[in-house]
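Breakdown of the fold
Residue-level listing of the chains:
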Amino acid sequence: MTIQTPNKLIPYHPPEFARPLRNVPSHRLNIANLPSPLHRIPMSSDLKKDSVLKPFQDLNIDFLIKRDDMSAGVELGGNKIRKLEFLLADALQSNCDTVVTIGGEQSNHCRATAAACRLVGLEPHLILRTKRANRVEEDKMVKQKDSFGHVGNLLFDRIVGSRIYTCTPGEYGRFGSKVLVDRVCADLSGSKGKKVYPIPVGGSNGLGTWGYIDAIHELKDQLNGEKVHHVVFACGSGGTASGITLGLALGYREEREKMPEIHAVGVCDDPEYFYQEVKRISQEMDLDISGVSTCESIEDYIKECMTVHQGKGKGYASSTKEELSFIVNFALETGIILDPVYSGKALFYFMEELKDHPEKYRNTSILFWHTGGSLGVYDKIDEMSDMMNNISSVERLNAYSSSGKT
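Residues numbered from 1 in each chain as written. Predicted model: local features only at pLDDT ≥ 70, side-chain atom pairs only at ≥ 80, totals over all residues. Heavy atoms only, no water.

As for the overall build of the protein chain
- In terms of regular secondary structure, the protein chain is built from 15 helices and 12 strands.
- Rg of the C-alpha trace for the protein chain: 22 Å, near the compact-globule value of 22 Å for 406 residues, within the 12% margin.
- Each principal axis of the C-alpha distribution contributes one length, and for the protein chain these read about 65 × 65 × 45 Å.
- Burial analysis of the protein chain (406 residues in total) assigns 52% to the buried set. (Helix = DSSP H or I, 4+ residues; strand = E, 2+ residues; numbered from the N terminus. Rg over C-alpha atoms; globule rule 2.2 N^0.38 Å. Buried < 20%, exposed > 50% of the residue type's maximum accessible area, 1.4 Å probe, protein only.)

Spelled out as structure tokens, the structure:
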């Protein structure tokens, strides 16, 4: 690896299989640590009956994890950094000095965007959706107290000096993310003279999705011809789902026998919403299906290639005890931390699919795409503490005893 210059624009040459995508970016940045690892998860011969890995063993499933949680450092890691290599390149090409984006209170996308902006010399502004918006503002005005805090992703949002604007879930639903982003952009460009680059929720648009077209090229190199039967991932805003789906469908169109089944697990909204989002993004990328499919429409093509499973549970960023227990036990057995909003939910609910249709998955290989976000665990500490106390005890070492016993 050579010395990298994060804000250097690099001419982009897409994979050969991506030719049907005609809206191609001209440049990208090099700010991620790629390729991310691809791990085959070992199975102990004596797994307990209640092991989270037992269903894989019972069905003789070869279980792999694509580790995009390791795609960069703590502040940049996860799936968003792949999108940001293209989005921030466009911001720099456009001579912008400021970026505005939006997400939930514990948004991985906002955290990665803020850190990446500072890395390449841009000023980050974040709109965060939170039920605490009115209370935090009241504390600020009445008590002169900043009660927003520094937990999880918020710590990294704030340590890099992001300007944060809060809105309630009701306001987010009423106006929509684009209207809110446009309002902040207008204020910054008008009264403050900034040249602003807006990034949509999750970085999910046609340009950002090229990060996952490249990721499929990376994955194919790592597999080196090995067949994977199923690819599973969390779906929250549609960009990662679009890139993985289009990348696999186009990347394997000349070798259909190796084409994996694609499983997106929606952690919010309903499956039809995600089919429409992937369709919208595909149209932004100017997908031409005439030479790659007999489907009559892009929507039909997407639904032929990808299955969206329901996995929102109690709702976006809300966790059940069972979901959190799964995350704790998965970490205990593999050393891999899943997050409670995306990857943890996605794998938990896909395991239900596995149990409901065991014969479909018996004697196959399943690749789970870990999209990062483990900082979100900090927001669930109160709910998870008893579980962790049960598996990790703390004892006082008797340093004055020759045996070292307590």
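Details of the sheet that holds strand 6 (residues 123–129)
- Spatially, the 4 strands line up as an open sheet ordered 7-6-5-8, and their pairing is parallel. A strand with exactly one partner marks an edge of an open sheet, and here the two such strands are strand 7 (163–167) and strand 8 (196–198). Geometrically, the sheet is characterised by an average inter-axis angle of 25° between neighbouring strands, direction not taken into account.
- Sheet topology places strand 6 next to strand 7; 5 bridges connect them, and they run parallel. Residue pairing for strand 7: isoleucine 127 is matched across the bridge by tyrosine 165. (Pairing = 2+ DSSP bridges. Axes fitted to C-alpha atoms, helices over the stretch in contact; angles between N-to-C directions.)

Notes on a nonpolar patch on the surface
- On the surface, a nonpolar cluster with roughly 530 Å² of combined accessible area is contributed by Val151, Leu332, Tyr378, Ile381, Met388 and Ile391.
- Looking at which element gives the most residues to the nonpolar patch, the answer is helix 15 (residues 381–391), with 3 residues.
- The topology assignment puts tyrosine 378 in the loop between strand 12 (365–370) and helix 15. (Patch = residues over 30% accessible without salt bridge, like charges linked within 9 Å, V, L, I, M, F, W, Y side chains within 5 Å. Areas by Shrake-Rupley, 256 points an atom, 1.4 Å probe, with all protein chains shown as cover. Salt bridge = Lys/Arg side-chain N within 4 Å of Asp/Glu carboxyl O.)

Description of the packing of helix 9 (residues 239–251) against helix 11 (residues 298–305)
- One way to put it is that helix 9 packs onto helix 11 with a least axis distance of 10 Å and a crossing angle of 85°. Of the possible angle classes, the one that applies to helix 9 and helix 11 is roughly perpendicular. For the pair helix 9 and helix 11, contact is made by Thr245, Leu246, Ala249 and Leu250 and by Tyr301, Ile302 and Cys305, respectively.
- Per-class residue counts for the contact of helix 9 with helix 11 are 6 nonpolar, 1 polar and no charged. (Parallel < 35°, antiparallel > 145°, perpendicular 65-115°, else oblique. Contact = heavy atoms within 4.5 Å. Nonpolar A, V, L, I, M, F, W, Y, C, P; charged D, E, K, R; others polar.)

Section: the pattern of salt bridges
- Here the structure, examined in full by the defined rule, presents 27 salt bridges.
- The residue glutamate 299 makes a salt bridge to lysine 303 at a minimum N-O spacing of 3.3 Å. Here glutamate 299 and its partner lysine 303 are both found in helix 11, 4 residues apart, which amounts to about one turn of the helix.
- Each of Lys66, Asp68, Arg82 and Glu218 takes part in one network of salt bridges that share partners.

Some details on the pairing of strand 5 (residues 98–104)
- Among the 7 residues of strand 5, 7 are classified as buried, and the element is accordingly described as predominantly covered.
- Judged from the 7 bridges that link them, strand 5 and strand 6 form a sheet pairing that is parallel. Bridge pairing in strand 6 links threonine 98 to glutamate 123.
- A crossover links strand 5 with its parallel partner strand 6, the connecting element being helix 3 (residues 108–120), and its sense is right-handed.
- Taken together, the 3 bridges between strand 5 and strand 8 define a ladder with parallel strand orientation. Bridge pairing in strand 8 links valine 99 to tyrosine 197. (Right-handed = clockwise from strand over helix to strand, strands pointing away.)

A few points about the nonpolar core
- Core analysis: the biggest nonpolar cluster contains 78 residues, and Leu21, Phe63, Tyr301, Met306, Phe330, Leu354 and Trp369 have the highest contact counts within it.
- Per-element tally for this core: the top contributor is helix 8 (residues 206–223), with 7 residues.
- Ignoring any residue separated from it by four or fewer positions in sequence, one finds leucine 354 in contact with Pro55, Phe56, Leu59, Ile61, Tyr361 and Ile366.
- The next biggest cluster of nonpolar side chains, apart from the first, holds 22 residues, and it includes Ile31, Ile81, Ala91 and Cys96. (Core = buried A, V, L, I, M, F, W, Y, C linked by side-chain atoms within 4.5 Å.)

Details of the environment of isoleucine 127
- By secondary structure assignment, the location of isoleucine 127 is in strand 6.
- When neighbours within four sequence positions are excluded, isoleucine 127 is seen to be in contact with Val100, Thr101, Ile102, Gly103, Cys110, Tyr165, Cys167, Leu180, Val181 and Val184.

As for the sheet that holds strand 11 (residues 306–310)
- If you trace the 6 strands from one edge of the open sheet to the other, you get 3-4-12-9-10-11, paired in mixed fashion. On the outer flanks of this sheet lie strand 3 (38–40) and strand 11, each paired with one strand and no other. Ignoring strand direction, the axes of neighbouring strands in this sheet form an average angle of 25°.
- When strand 9 (residues 230–235) meets strand 10 (residues 261–266), the two strands line up parallel, connected through 6 bridges. Paired with alanine 234 across the strands is valine 265, a residue of strand 10.

Focus: the packing of helix 9 against helix 10 (residues 271–284)
- Relative to each other, helix 9 and helix 10 sit at 70°, their axes nearing to 9 Å. By the criterion of interaxial angle, the relationship of helix 9 to helix 10 is roughly perpendicular. With respect to the hand of their crossing, helix 9 and helix 10 are arranged in right-handed fashion. Taken together, the residues of helix 10 that come into contact with helix 9 (itself represented by Gly239, Ala241, Ser242 and Leu246) are Glu277, Val278, Ile281 and Ser282.
- For the contact of helix 9 with helix 10, the residue count by class is 4 nonpolar, 3 polar and 1 charged. (Left-handed = near helix turned anticlockwise from the far one by under 90°.)

Focus on the pairing of strand 9
- For strand 9, the tally of buried residues reaches 6 of 6 residues, placing the bulk of the element in the interior.
- Across 4 bridges, strand 9 lies against strand 12 in parallel orientation. In the strand pairing of strand 12, histidine 230 is matched with isoleucine 366.

Here we look at the packing of aromatic side chains
- Within this structure, the stated rule accounts for 10 aromatic pairs.
- For the ring pair tyrosine 273 and phenylalanine 274, a centre distance of 5.2 Å and an interplane angle of 80° mean the geometry is edge-to-face.
- With a relative accessible area of 0%, phenylalanine 274 lands in the buried category.
- Relative to tyrosine 361, the ring of phenylalanine 350 has its centre 5.4 Å away and its plane inclined at 80°; by these criteria the two rings are edge-to-face. Taken together, the residues span a long stretch of sequence, with phenylalanine 350 in helix 13 (residues 343–356) and tyrosine 361 in helix 14 (residues 358–361) at a distance of 11 residues.
- Taken together, the aromatic side chains of Phe326, Phe330, Phe348 and Tyr349 make up a single cluster linked through ring pairs.
- Looking at arginine 82, its charged tip hangs above the ring of tyrosine 212, at a distance of 5.4 Å from the centre.
- The lysine or arginine in question, lysine 220, covers the ring of tyrosine 252, its NZ or CZ lying 4.5 Å from the ring centre. (Phe/Tyr/Trp six-rings, centres within 6.5 Å; stacked < 30°, edge-to-face > 60°. Lys NZ or Arg CZ within 6 Å of the ring centre and 35° of its normal.)

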